[in-house]
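As a plain string of letters, each chain reads:
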Number of protein chains: 2
Amino acid sequence: MSALKVPDIVVGRLPLYLRSLSKMGQEGKEITSSQELGGRLGISSAQIRKDLSQFGEFGKQGTGYNISFLADQIKKILHVDRVWDVILVGAGDLGHAVANYAGFVHRGFKIVAIYDNDQSKIGEEVSGFTVRNVNELMIDIQSGSVRVAMLAVPAGQAQEVSDTLVEAGIKSILCYAPISLKVPTDVYVQYIDPVLHLQHMTYYLE
Amino acid sequence: MSALKVPDIVVGRLPLYLRSLSKMGQEGKEITSSQELGGRLGISSAQIRKDLSQFGEFGKQGTGYNISFLADQIKKILHVDRVWDVILVGAGDLGHAVANYAGFVHRGFKIVAIYDNDQSKIGEEVSGFTVRNVNELMIDIQSGSVRVAMLAVPAGQAQEVSDTLVEAGIKSILCYAPISLKVPTDVYVQYIDPVLHLQHMTYYLE
């Protein structure tokens, strides 16, 4: 995108900004400020202005940000001005919950297939999908254009499945298992780790 | 803790530092540097030194950080040098997955009870717990010292359950539902939002 590499930590804040802006939009607001956005997110207004300035000029001094415009710009930067096909591996309790999660809609992601290696789960209907055999994953992905996967398998199986995903051409993996995946440098991994959030909050508890 | 309020965004990075330090410890390492820690986390070494300096002096110039010492200090700062009792509300697919999540161990949290409002789930055994009626939650919590809750109920029920939790004295809520809870200012809420992670990664995909 840009000649200057933006720090990953700044990139990671853009989805937070986008979520807040979308919320404001739903509330019927049209204009916001870095102060208001910062107040909602617990981030200083200076930090928000500095973060956004890495990607361009999105507001005029003194008039604030047009919410819809800024949200659209952030969507473009994050490449979620389109819809990404996502596969889900794991059709256990967690897989069911992820498949039924209502928060993906209008945010750039659509589950297109669900896989498992458990014969008792293969063929089962989950959230409108027939669970497929994980062995078919390689052929399915290579014949399509899926580059995003969610991994909802037990920790003991996560690395093996991750290897298969990488081999099949997946470039970003959201991992729900409490382990650190080993992947090549051109594959991105993020983790759902509830403890990070719990520890963040206990800081404020005595 | 300190007279100067540390920005929330800095507090939010401490659990990341702690997780990396614990991982390094498990790998048998004893000493690290802000460069190494930053490399693992995609955060600049300057940012890490600045963040840590808000809480004290944890390393000597040129010799790096003692991993075990720094981890212990961060645990104290985050108040996870103890174990917090946590209740889980919601015994559906997601509740089952959260109850069975192996990542809580040795990180400061222990589930002590699971609740649901569905008669078909109450009495069920989940991960060693008998699911209790959510109506009993108020009495259970008030008679104990639980201040942390995880909310794994459908979005349509999350606010009502959250109100009950707050009334019962819960001060921090980890919410898995894709909604924004309304809580008093002395109650902390964090959200598990997989889309934030997915959007972070698609930034790097073309």
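Since we're looking at a predicted model, the values are computed, not measured.

Procedures and definitions
- Residues numbered from 1 in each chain as written.
- Chains lettered and ligands numbered in written order.
- Predicted model: local features only at pLDDT ≥ 70, side-chain atom pairs only at ≥ 80, totals over all residues.
- Heavy atoms only, no water.
- Contact = heavy atoms within 4.5 Å.
- Buried area = accessible area lost by both parts, 1.4 Å probe.
- Salt bridge = Lys/Arg side-chain N within 4 Å of Asp/Glu carboxyl O.
- Polar contact = N/O pair within 3.5 Å; in protein donor to acceptor, adjacent residues only side chain to side chain.
- Helix = DSSP H or I, 4+ residues; strand = E, 2+ residues; numbered from the N terminus.
- Buried < 20%, exposed > 50% of the residue type's maximum accessible area, 1.4 Å probe, protein only.
- Arc of directions from axis to C-beta.
- Least-squares fit on C-alpha atoms with pLDDT ≥ 70 in both.
- Pairing = 2+ DSSP bridges.
- pLDDT = per-residue confidence, 0-100.
- Phe/Tyr/Trp six-rings, centres within 6.5 Å; stacked < 30°, edge-to-face > 60°.
- Right-handed = clockwise from strand over helix to strand, strands pointing away.

**Notes on the interface of chain A and chain B**
Line of reasoning, step 1. Contacts between the two partners involve 62 residues from chain A, matched on the other side by 61 residues from chain B.
Line of reasoning, step 2. Approximately 6200 Å² of surface area, both sides summed, lies buried where chain A meets chain B, with 66% of it carried by carbon and sulfur atoms.
Line of reasoning, step 3. Counting the contacts that link chain A with chain B gives 4 salt bridges.
Line of reasoning, step 4. Of the charged contacts in the structure, one is a salt bridge between Asp193(B) and Arg19(A), with a shortest N-O distance of 2.8 Å.
Line of reasoning, step 5. At the boundary of chain A with chain B, the tally comes to 26 residue pairs in polar contact (both at pLDDT 80 or more).
Line of reasoning, step 6. Taken together, the elements giving at least two residues each to the side of chain A that touches chain B come down to helix H1 (8-11), helix H2 (14-26), helix H6 (93-100), strand E9 (148-151), strand E10 (172-175), strand E11 (188-191) and helix H9 (194-202) of chain A.

**Observations regarding the side chain of Thr202(B)**
Line of reasoning, step 1. Secondary-structure assignment places Thr202(B) in helix H9 (residues 194-202).
Line of reasoning, step 2. Those residues within four positions of Thr202(B) in sequence are excluded, and the remaining contacts are Leu78(A), His79(A), Val80(A), Trp84(A), Phe109(A) and Val148(A).

**Focus: helix H5 (residues 67-77) of chain B**
Residues and elements named next belong to chain B.
Line of reasoning, step 1. Regarding H5, the residues found buried are Ile 67, Leu 70, Ala 71, Gln 73, Ile 74 and Ile 77. Along the axis of H5, the buried positions cluster into a sector of 160°, meaning they face one direction only.
Line of reasoning, step 2. The secondary structure elements touched by the buried residues of H5 are helix H2 (14-26), strand E1 (31-32), helix H4 (45-53) and strand E3 (64-66).
Line of reasoning, step 3. The N-capping residue of H5, defined by a side-chain oxygen 3.1 Å from the backbone nitrogen of Ser 68, is Asn 66.

**A word on the pattern of salt bridges**
Oppositely charged side chains can form a pair if their charged atoms are brought close together.
Line of reasoning, step 1. Tallied over the entire structure, the rule returns 22 salt bridges over all chains.
Line of reasoning, step 2. In this structure, Arg107(A) and Asp193(B) form a salt bridge, with 2.8 Å as the shortest nitrogen-oxygen distance. Taken together, the residues span two chains, with Arg107(A) in the loop between H6 and strand E5 (109-116) and Asp193(B) in the loop between strand E11 (188-191) and H9. Accessibility classification places Arg107(A) together with Asp193(B) in one group, the buried group.
Line of reasoning, step 3. Of the charged contacts, one joins Arg132(B) and Glu136(B) as a salt bridge, the two residues approaching to 3.2 Å between their closest N and O atoms.
Line of reasoning, step 4. Under the relative-accessibility criterion, Glu136(B) is labelled partly exposed at 32%.

**Let's talk about the relation of the copies chain A and chain B**
Line of reasoning, step 1. Least-squares fitting of chain A to chain B yields an RMSD of 0.0 Å, with the superposition described by an axial translation of 0.0 Å and a rotation of 180°. Here the symmetry operator amounts to a two-fold rotation axis. Minimal C-alpha separation from the rotation axis in chain A is found for Asp93(A), amounting to 2.2 Å.
Line of reasoning, step 2. Taken together, the interface assignments show that 98% of the residues at the interface of chain A recur at the interface of chain B, consistent with an identical surface on both copies.

**Comments concerning the sheet that holds E10(A)**
Residue and element names in this part refer to chain A.
Line of reasoning, step 1. One open sheet holds the 6 strands; their spatial order is E8-E5-E4-E9-E10-E11, and the pairing between them is parallel. Both edges of this open sheet fall to strand E8 (132-133) and E11, since each of them pairs with a single strand only.
Line of reasoning, step 2. In the sheet, E10 pairs with E11 via 4 bridges, with the strands oriented parallel. By the bridge assignment, Ser 172 is partnered in E11 with Tyr 188.

**So, helix H4 (residues 45-53) of chain A**
All names here are of chain A.
Line of reasoning, step 1. Among the residues of H4, Ile 48, Asp 51 and Leu 52 are the ones counted as buried. Taken down its axis, H4 places every buried residue within 95° of arc, on the same side.
Line of reasoning, step 2. On its buried side, H4 packs onto H1, H2, helix H3 (34-41), strand E3 (64-66) and helix H5 (67-77).

**Some words on the environment of Leu181(A)**
Residue and element names in this part refer to chain A.
Line of reasoning, step 1. Relative to the helices and strands, Leu 181 is located in the loop between E10 and E11.
Line of reasoning, step 2. In this structure, the C-alpha to C-alpha distance between Leu 181 and Ala 155, residues 26 residues apart in sequence, is 9.8 Å.
Line of reasoning, step 3. Excluding residues within four positions of it along the chain, Leu 181 makes contact with Leu 151, Ala 158, Gln 159, Ser 162, Ile 173, Cys 175, Val 189 and Tyr 191.

**Focus on the confidence of the model for chain A**
Line of reasoning, step 1. Looking at chain A as a whole, the pLDDT averages 93, with 98% of positions reaching at least 70.
Line of reasoning, step 2. Model confidence for the complex is summarised by a pTM of 0.93, with the ipTM given as 0.96.

**A look at the packing of aromatic side chains**
Line of reasoning, step 1. Tallied over the full model, the rule gives 8 aromatic pairs over all chains.
Line of reasoning, step 2. Between the aromatic rings of Tyr204(A) and Tyr188(B), the centroid separation amounts to 4.7 Å while the plane-to-plane angle is 15°, which identifies the pairing as stacked. In this pair, Tyr204(A) sits in the segment after H9 while Tyr188(B) sits in strand E11, so the two residues belong to two different chains.
Line of reasoning, step 3. Between Tyr203(B) and Tyr204(B), the aromatic rings sit 4.9 Å apart at their centres with planes inclined by 90°, giving edge-to-face as the arrangement.

**What about the pairing of E10(A)?**
Residues and elements named next belong to chain A.
Line of reasoning, step 1. Of the two faces of E10, the one holding Ser 172 and Leu 174 and the one holding Ile 173 and Cys 175 are both buried throughout.
Line of reasoning, step 2. Alignment of E9 against E10, held across 4 bridges, turns out to be parallel. Residue pairing across strands places Met 150 opposite Leu 174, the latter belonging to E10.
Line of reasoning, step 3. Following the backbone out of E9, through helix H8 (residues 155-167) and into the adjacent parallel E10, one traces a crossover that is right-handed.

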